[in-house]
Amino acid sequence: MSKDSNALLRTKYTGESYTQAHHWLRRNGLYRGLVPDADDPQQIRLEAAALLTLARPTAGGLPPLDAAGTFFGLAGTSPGADELVLLPASGLHGSVLARLLPSLTADSTIVGIPGLRAFVDRAGPYLWLGRLGEHAALDVLPSRRTSATAAREHITAATLAAQQNGLTPLWDLDHQHEREIAAWRALRAELDDDGPRWSRALRRGGLFLGGAPGWRSVAPTDEEVRGPKPDHLAPRPVAPETADQVSGVVAVASADGRGGRGCTTLVLALAGALARSGVRVVVLAGDDPVGVFAAFRVEPPQPGAWAPLPGGVLRQPIMLGSLTREIAERQVTAARAEFDVVLIDAGTDYQHRALASSADIAVLLAKYSARDWGYVERVDHRPEEVRFFEWLNQRADEYYHRAPTAHTDRRRLLNLLTEELQWYQASAPLADSDEHQELVDLLWSRDPAAADAEPDGEGDLPYDPSDPEDVEDWWNETWSDSVTIDLDTPFPAQLPTPGDARTRERQRALVEFLTPEGQLRHGAQWTAATTEWLTRPLEEIVQELTSRADRTVDGLLQEVQEPAVERWGPRLWHEKRGVWAAAREAGDDLVSGWADMIEHRHRDEPAEQTAQALTMAVWQRPETTGVLALMGRETRFPHHRLAAVRKALPEGLADVLLWPEQTDLREAPAPELLSHRSGPASAAANRAAQTVVRQLRLANTGAPVTSARDNRLES
């Protein structure tokens, strides 16, 4: 049998064996290209940093990786759309790792990739490299495939190589060394705009096995990484071959029984991916208002009848409609006999969720929640005085923006009246006429928007004068709140434009309503305050009430002295408060220039804890094998993370996949979307289909199935 020309071409670019390249093609097809480029900025940056580090000489005296027939110590790479596997040459695993992982020289210089750490994958196992707090990763194939022992031996060899050259390895640290932060900034600056070319060159390492390029001082060029047949690398409409000889019934349902989870969208996407792989697939869909037939704007057939969807990709779906479960199950049995894969749009409790228990597997859609997977830890490596300056900045923001305190009855009454007028601006007139309706009409008579507003019957007047308890509650609450005023400056946006006649009318109406009780409580102060409030321009009153002219740097320092000394100590307070005050007066920024010394590091939750949280999202688990599909924005995890969580899932839940929301399928479904073989939606659907196929085979055979991850590099 002749060899696959695509696999042969891939080996020239990557350095993989023919078996590895052919197996990759069977799993992935060409919908993302023969040798895909990375498209995630973090992944591009990490790959670029890796090749630059391997190509450039180190300050630590590590020997150059220029063994004959290797690409800076690599026998090749295995690039995929979402991952990159490094294939170190025989005997050079430790040397490659020693060059990539960070170490500290005697003069405190960083060699290697700052922040990079090595991990042994418990599920693969593979050796993988990732920077702290980032999702990008580089896999390293051990010298003995799937051997955790070999992976640990390679790390030990790297440690010995570094120590023998007078270096101090940093890859055992669970945080970044202070020198790593500045070194990473310098490395990123060196990559500059050349990062994508460095990344592409690493992914096409097979082109350079005959001799290392001269990249010790210059970046790769587009011409160097073009290769012999660049036109053959473009994405093409060829589906992966993962669906060979697969059969079964798959139900897609909401994990919590609620609607709006996108079950129909996922059903259509899976159907298109399977059909493109040559599988005879059929969709069983109800006639609900948001189901398959509504999505394509076609009339559903009569219950029990067969009808084609537009485009013909899905052969013929079966209409379930409002049939009983018994009749529906007979239709499932009939469909199973005629087609390879039967997809049931089981949906929610109000559709055909019960059929999920009759399927071979049930894909359960749940919302992705980042907090189930981990959290972000903020590690501040800045000098103590910079953190002290930032603390003072925060206290200054609070000090200068804090609402002024009213120390006299006059100011408190002005606060009360102005804030109450602001409240009236958002209220609505009473529905029924009563003795106060004239006042309300006066407030709103010239406001067309308010005239058209739907009355709610409450909250339109400050209180009911006939209810003593209501009167007492309102005056006590507003008088207590009048110590400060919560208004924008220089004039509150909630009030009409200054000078608008409506403002004066509303002011007078409000004063007329409040005056009987106001005079009883405040006497002459009420008369003086309301007279001023009605005669002075309201914008002047607001500016006076919100003025912070008495706020000074000296006043701030006096206010915060005690907590500052307690928090930072007397030495720092006495030595640095003047520095901060002078910078504040001059408008100088003492903090922002140190932003790169703040590390935001992602911390994973334990796999068992994540698995438990995912299990809780399943409201009613079907009596069959379940696969959780987490719906949300495009989310990336190193493969080891998903593998560990998958392993920790309880019995009955066999797998978990990430399903990004496909708004193009949901908002404007069209027949073409089922047949398209490239693009983000198709790529996501193909990945989901691979998981479904793997679980279908396992359900039908009962034997362990090697995951796509585990068998990607057969040799």
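Details of the structure are given in the entry above.
From a predicted model like this one, the values you see are computed outputs, not experimental measurements. (Residues numbered from 1 in each chain as written. Predicted model: local features only at pLDDT ≥ 70, side-chain atom pairs only at ≥ 80, totals over all residues. Heavy atoms only, no water.)

1. Here's the deal with the overall build of the protein chain
From N to C terminus, the protein chain includes 25 helices and 17 strands. With 715 residues in all, the protein chain has 51% of them scored as buried. Pairs at least 24 apart in sequence give 76% of the contacts found in the protein chain among residues at least 6 apart. Accessible area of the protein chain: about 32800 Å², with a carbon and sulfur share of 48%. (Helix = DSSP H or I, 4+ residues; strand = E, 2+ residues; numbered from the N terminus. Buried < 20%, exposed > 50% of the residue type's maximum accessible area, 1.4 Å probe, protein only. Contact = heavy atoms within 4.5 Å. Areas by Shrake-Rupley, 256 points an atom, 1.4 Å probe, with all protein chains shown as cover.)

2. A closer look at the pattern of salt bridges
What the rule picks out here adds up to 27 salt bridges. Between Glu190 and Arg56 there is a salt bridge, with its nearest N and O atoms 2.5 Å apart. Placement of the pair is Glu190 in helix α6 (residues 178-191) and Arg56 in the loop between α3 (41-55) and β1 (74-79), with a sequence separation of 134 residues. Residue Glu532 pairs with Arg536 through a salt bridge whose shortest N-O separation is 2.5 Å. For Glu532, a relative accessible area of 16% gives the class buried. Residue Arg536 is classed as partly exposed on the basis of its relative accessible area of 22%. Through salt bridges with shared partners, a single ionic network connects Arg378, Asp380, Arg382 and Glu390. (Salt bridge = Lys/Arg side-chain N within 4 Å of Asp/Glu carboxyl O.)

3. Some remarks on the nonpolar core
Ranked by internal contacts, the top residues of the largest apolar core, which has 47 residues, are Leu100, Leu129, Trp198 and Trp215. For this core, the element with the highest residue contribution is α3, accounting for eight residues. In this view, Trp215 contacts Leu51, Ala55, Arg56, Phe71, Phe72, Trp198, Ala201, Phe208, Pro220 and Glu224; residues no more than four positions away in its chain are not counted. Membership of the second largest hydrophobic core comes to 34 residues, among which are Val249, Ala328, Ile344 and Leu642. (Core = buried A, V, L, I, M, F, W, Y, C linked by side-chain atoms within 4.5 Å.)

4. Comments concerning the packing of α3 against helix α4 (residues 93-100)
In a packed pair of helices, the relevant descriptors are the angle between the two axes and the axis-to-axis distance. It is at 9 Å that the axes of α3 and α4 come closest, and there the two elements cross at 110 degrees. In terms of orientation, α3 lies roughly perpendicular with respect to α4. Residues Ala50, Thr53 and Leu54 of α3 pack against Val96, Arg99 and Leu100 of α4. Per-class residue counts for the contact of α3 with α4 are four nonpolar, one polar and one charged. (Axes fitted to C-alpha atoms, helices over the stretch in contact; angles between N-to-C directions. Parallel < 35°, antiparallel > 145°, perpendicular 65-115°, else oblique. Nonpolar A, V, L, I, M, F, W, Y, C, P; charged D, E, K, R; others polar.)

5. Some remarks on a negative patch on the surface
On the surface, a cluster of negative charge is made up of Asp464, Asp467, Glu469, Asp473, Glu477 and Asp481. With respect to the helices and strands, the residue Asp473 is situated in helix α15 (residues 468-481). (Patch = residues over 30% accessible without salt bridge, like charges linked within 9 Å, V, L, I, M, F, W, Y side chains within 5 Å. Lys, Arg positive; Asp, Glu negative; His and termini not counted. Charge placed at Lys NZ, Arg CZ, Asp CG, Glu CD.)

6. Looking at the pairing of strand β9 (residues 248-254)
Each regular strand carries side chains that alternate between the two faces of the sheet. Among the seven residues of β9, seven are classified as buried, and the element is accordingly described as predominantly covered. On β9, burial covers both faces: Gly248, Val250, Val252 and Ser254 on one face and Val249, Ala251 and Ala253 on the other are all buried. Both β9 and strand β12 (residues 341-347) contribute to a ladder of six bridges, which runs parallel. When the sheet's bridge partners are listed, Val252 is paired in β12 with Asp345. With five bridges connecting them, β9 and strand β13 (residues 361-367) associate as parallel partners. Residue Val250 lies in a different strand from β13, and its bridge partner there is Ile361. (Pairing = 2+ DSSP bridges.)

7. Let's talk about the sheet that holds strand β8 (residues 168-169)
With antiparallel pairing, three strands are arranged side by side in an open sheet as β4-β3-β8. The outermost strands of the open sheet, each flanked by one partner alone, are β4 (110-111) and β8. Summarising the sheet, strand β3 (residues 103-104) and β8 pair through two bridges and their orientation is antiparallel. In the sheet register, Ser103 faces β8, and the bridge partner there is Pro169.

8. A few points about the packing of aromatic side chains
One pass over the structure, following the stated rule, counts 15 aromatic pairs. Between Trp475 and Trp526 the ring centres are 5.8 Å apart and the planes differ by 65 degrees, which places this aromatic pair in the edge-to-face class. Residue Trp475 is found in helix α15, and its partner Trp526 is found in helix α17 (residues 524-535); the two are separated by 51 residues along the sequence. The class for Trp475 is buried, based on a relative accessible area of 1%. For Trp526, a relative accessible area of 1% gives the class buried. (Phe/Tyr/Trp six-rings, centres within 6.5 Å; stacked < 30°, edge-to-face > 60°.)

9. What to know about unusual backbone geometry
Its identity as a non-glycine residue notwithstanding, Phe72 has a phi of 55 degrees, on the positive side. In this structure, Phe72 sits in the loop between α3 and β1. The buried category is assigned to Phe72, whose relative accessible area is 5%. Phi angles above zero are rare outside glycine, and Asp192 is one such case at about 50 degrees. With respect to the secondary-structure elements, Asp192 resides in the loop between α6 and α7 (195-203).

10. With respect to the environment of Ile44
With respect to the secondary-structure elements, Ile44 resides in helix α3. Placed 154 residues apart in sequence, Ile44 and Trp198 show a C-alpha to C-alpha distance of 8.3 Å. If we skip the residues at most four places from it in the chain, Ile44 touches Ala38, Asp39, Gly195, Pro196 and Ser199.

11. Quick look at the sheet that holds strand β7 (residues 138-140)
The strands making up a sheet associate through backbone hydrogen bonding, with each pair oriented either parallel or antiparallel. A sheet is described by the order of its strands in space; here five strands give the open sequence β1-β2-β7-β6-β5, paired in mixed fashion. On the outer flanks of this sheet lie β1 and β5 (116-120), each paired with one strand and no other. In this sheet, neighbouring strand axes are inclined to one another by 25 degrees on average, regardless of whether the strands run parallel or antiparallel. Direction of pairing for β5 relative to strand β6 (residues 127-131): antiparallel, over a ladder of five bridges. Its bridge partner lying in β6, Phe119 is registered against Trp128. Sitting on the sheet, α7 is in contact with β1 and β2 (84-88), with an inclination near 110 degrees to β1.

Remember that the coordinates give geometry; whether it matters functionally is a separate question.
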